[in-house]
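Observations on chain architecture
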Amino acid sequence: MPADTLALLRRGTVIPAHLLALDAARQLDTRRQRALTRYYLDAGVGGVAVGVHSTQFAIRETGLYKPVLELAMRTAEEWTPLGGRRPLCMVAGLAGPTAQAVEEARIAGGLGYHSALLSLAALKGASEDELVAHCRSVAEMMPLIGFYLQPAVGGLLLSESFWRRFAAIDNVVAIKMAPFNRYRTLDVIRGVVAARAEDRVTLYTGNDDHIVLDLLAPFTFMRNGKPVTVRVRGGLLGHWSVWTQAAVQLFERIHKAVAAGSVEPSLLALDAQITDCNAALFDVANDFHGCIAGCHEILRRQGLLEGIWCLDPDEGLSPGQAEALTRIQKDYPHLMDDGFVAKNRERWLS
């Protein structure tokens, strides 16, 4: 990984989980897919994650894995973002059993991706030793970001012991914590501290239900009788695939508050507001069934997507979800970036 990219990752940044633009025939809409990448870059992100849950794991069965990763990388290389070029951390999602994950790492590395976000969902029933061996094999291919995916969308329950052993792998550079569960989030952090890896393995929140407080709170645990304090430095989030410019601005505000050692109550209040937004986006009322379609609907309303189609015809908005999205758009305009998108949309689509 280039030194400036690694420094960016360790400092902490905004990495949206890239969505997938399809046409009415559920085929890749190259023009709008490119426009999404341009939108994220102009919004000021520090990178994008492609081929992850929000990009839809089914791109692998439809032959879209390499084309989608290649399009995002080529767009990032060719597009000059607002404010000029800057270091980016391009993250590729990896999935499947070991042979598949290693092959995907080979593809991603060949395309120039800097690190890989490794999903373990395909290894249900595997022992901890088997999971660690799998991670070690993939880490031989490229720098690795661990992924605690919430069980509601296919993730495994993973112990503190697993995370301690995972963090001890030399080529692990970060962990995305997305169990949507405070107890399990603490398991990850305690595992990293126990492995003495807190300076090498950077913590990223994937808890879309608890974004602000994850980024604001210090986490202090005891190690050999002495306190060790770590922080969540950045976010790799499906929530940040929409209203991305507003997310970047909020992230910068949070980092300034942490650096100053002063957190205003108004900033703390945003945690609940953003969680309320996420409940509508991710369709919590229906056990996350419409979590991808909800993000698509926001981008459709903004004109970046033509429709909300997913690869799976059964995926779509749940009853009442559209109304919930309308409510949060009315209640929280300060968390949106509709004006930014309207101003730049045609340029991104050109």
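For the structure itself, consult the block above.
Rules behind the numbers
- Residues numbered from 1 in each chain as written.
- Predicted model: local features only at pLDDT ≥ 70, side-chain atom pairs only at ≥ 80, totals over all residues.
- Heavy atoms only, no water.
- Buried < 20%, exposed > 50% of the residue type's maximum accessible area, 1.4 Å probe, protein only.
- Helix = DSSP H or I, 4+ residues; strand = E, 2+ residues; numbered from the N terminus.
- Arc of directions from axis to C-beta.
- Pairing = 2+ DSSP bridges.
- Right-handed = clockwise from strand over helix to strand, strands pointing away.
- Salt bridge = Lys/Arg side-chain N within 4 Å of Asp/Glu carboxyl O.
- Core = buried A, V, L, I, M, F, W, Y, C linked by side-chain atoms within 4.5 Å.
- Contact = heavy atoms within 4.5 Å.
- Axes fitted to C-alpha atoms, helices over the stretch in contact; angles between N-to-C directions.
- Parallel < 35°, antiparallel > 145°, perpendicular 65-115°, else oblique.
- Left-handed = near helix turned anticlockwise from the far one by under 90°.
- Nonpolar A, V, L, I, M, F, W, Y, C, P; charged D, E, K, R; others polar.
- Polar contact = N/O pair within 3.5 Å; in protein donor to acceptor, adjacent residues only side chain to side chain.
- Phe/Tyr/Trp six-rings, centres within 6.5 Å; stacked < 30°, edge-to-face > 60°.
- Disulfide = S-S within 2.5 Å.

To continue, consider helix H6 (residues 160-167). Burial in H6 covers these residues: Phe162, Trp163, Phe166 and Ala167. Seen end-on, H6 carries its buried residues on one side only, within an arc spanning 125°.

Attention shifts here to the pairing of strand S3 (residues 89-94). Of all 6 residues in S3, 6 are buried; the element is thus mostly enclosed. Here strand S2 (residues 47-50) runs beside S3; their pairing, made up of 4 bridges, is parallel. Its bridge partner being in S3, Val48 is matched across the sheet by Met90. Traced from S2 through helix H3 (residues 65-78) to S3, the parallel crossover comes out right-handed.

Looking now at the pattern of salt bridges. By the definition in use, this model includes 16 salt bridges. Glu104 is paired through a salt bridge with Arg60; the nearest N and O atoms lie 2.8 Å apart. With Glu104 in helix H4 (residues 98-111) and Arg60 in the loop between S2 and H3, this residue pair connects regions lying 44 residues apart in the sequence. By the burial criterion, Glu104 is buried, and Arg60 matches it. Here the salt bridges do not stand alone but share partners, grouping Glu128, Asp129 and Arg165 into one network.

What follows covers the nonpolar core. Ranked by size, the top nonpolar core spans 124 residues in total, and within it Tyr113, Leu144, Phe162, Phe166, Ile175, Leu203 and Leu299 carry the most contacts. If near-sequence neighbours (up to four positions away) are discounted, Phe162 is found in contact with Leu120, Glu128, Leu131, Val132 and Cys135.

The subject of this paragraph is the environment of Pro319. Looking at where Pro319 falls in the secondary structure, it is placed in the loop between helix H11 (291-302) and helix H12 (321-331). Take Pro319: its relative accessible area is 76%, and that puts it in the exposed class. Sequence separation between Pro319 and Ala285 is 34 residues, and the spatial gap between their C-alpha atoms is 9.7 Å.

The next thing to look at is the packing of H6 against helix H7 (residues 182-194). Close contact between H6 and H7 brings their axes to 7 Å; oriented N to C, the two are set at 45°. Classed by the angle they form, the pair H6 and H7 counts as oblique. The way H6 lies across H7 gives a crossing that is right-handed. Where H6 abuts H7, its residues Glu160, Trp163, Arg164 and Ala167 lie against Asp187, Val188, Arg190, Gly191, Val192 and Ala194. Taken together, the residues that form the contact of H6 with H7 break down as 5 nonpolar, 1 polar and 4 charged.

As a further point, take the side chain of Thr205. Within the fold, Thr205 resides in strand S7 (residues 202-205). For Thr205, a relative accessible area of 0% corresponds to the buried category. A distance of 2.7 Å separates a polar atom in the side chain of Thr205 from a polar atom in the side chain of Asp214. Apart from residues no more than four positions distant in its own chain, Thr205 is found in contact with Met177, Asp214, Leu215, Val232, Gly234, Gly235, Leu236 and Leu237.

Now for unusual backbone geometry. One non-glycine residue, Gln56, adopts positive backbone phi at about 80°. Along the polypeptide, Gln56 turns up in the loop between S2 and H3. Of note, the phi angle at Phe288 is positive, near 70°, even though the residue is not glycine. With respect to the helices and strands, the residue Phe288 is situated in the loop between helix H10 (265-281) and H11. Phe288 gets classed as buried once you look at its relative accessible area, which sits at 13%.

Glancing now at the packing of aromatic side chains. Working definition: an aromatic ring pair is given by the centre-to-centre distance plus the angle between the planes. Per the counting criterion, the structure on display carries 11 aromatic pairs. On the basis of an interplanar angle of 35° and a centroid distance of 5.5 Å, the ring pair of Tyr148 and Trp163 is categorised as tilted. Taken as a pair, Tyr148 in strand S5 (residues 144-149) and Trp163 in helix H6 lie far apart in primary sequence, 15 residues in all. Considered together, Tyr148 and Trp163 belong to a single accessibility category, that of buried residues. Through pairs of rings, three or more aromatic residues link up here, namely Tyr39, Tyr40, Phe340 and Trp348.

In protein chemistry, a disulfide is the covalent bond that joins the sulfur atoms of two cysteines. Per the counting criterion, the structure on display carries 0 disulfides. The thiol of Cys291 is not disulfide-bonded; the next cysteine sulfur, from Cys295, is found 7.4 Å away. A relative accessible area of 8% places Cys291 in the buried class.

Turning our eyes to something else, we now look at the environment of Thr229. Note on placement: Thr229 falls in strand S9 (residues 226-237). In this structure Thr229 comes out as partly exposed when scored by relative accessible area, which is 48%. Expressed as a C-alpha distance, the spacing of Thr229 and Pro218, which sit 11 residues apart in the sequence, is 6.4 Å. If we skip the residues at most four places from it in the chain, Thr229 touches Pro218, Phe219 and Thr220. Here Thr220 takes part through its side chain, which lies 2.6 Å from a polar atom of the side chain of Thr229.

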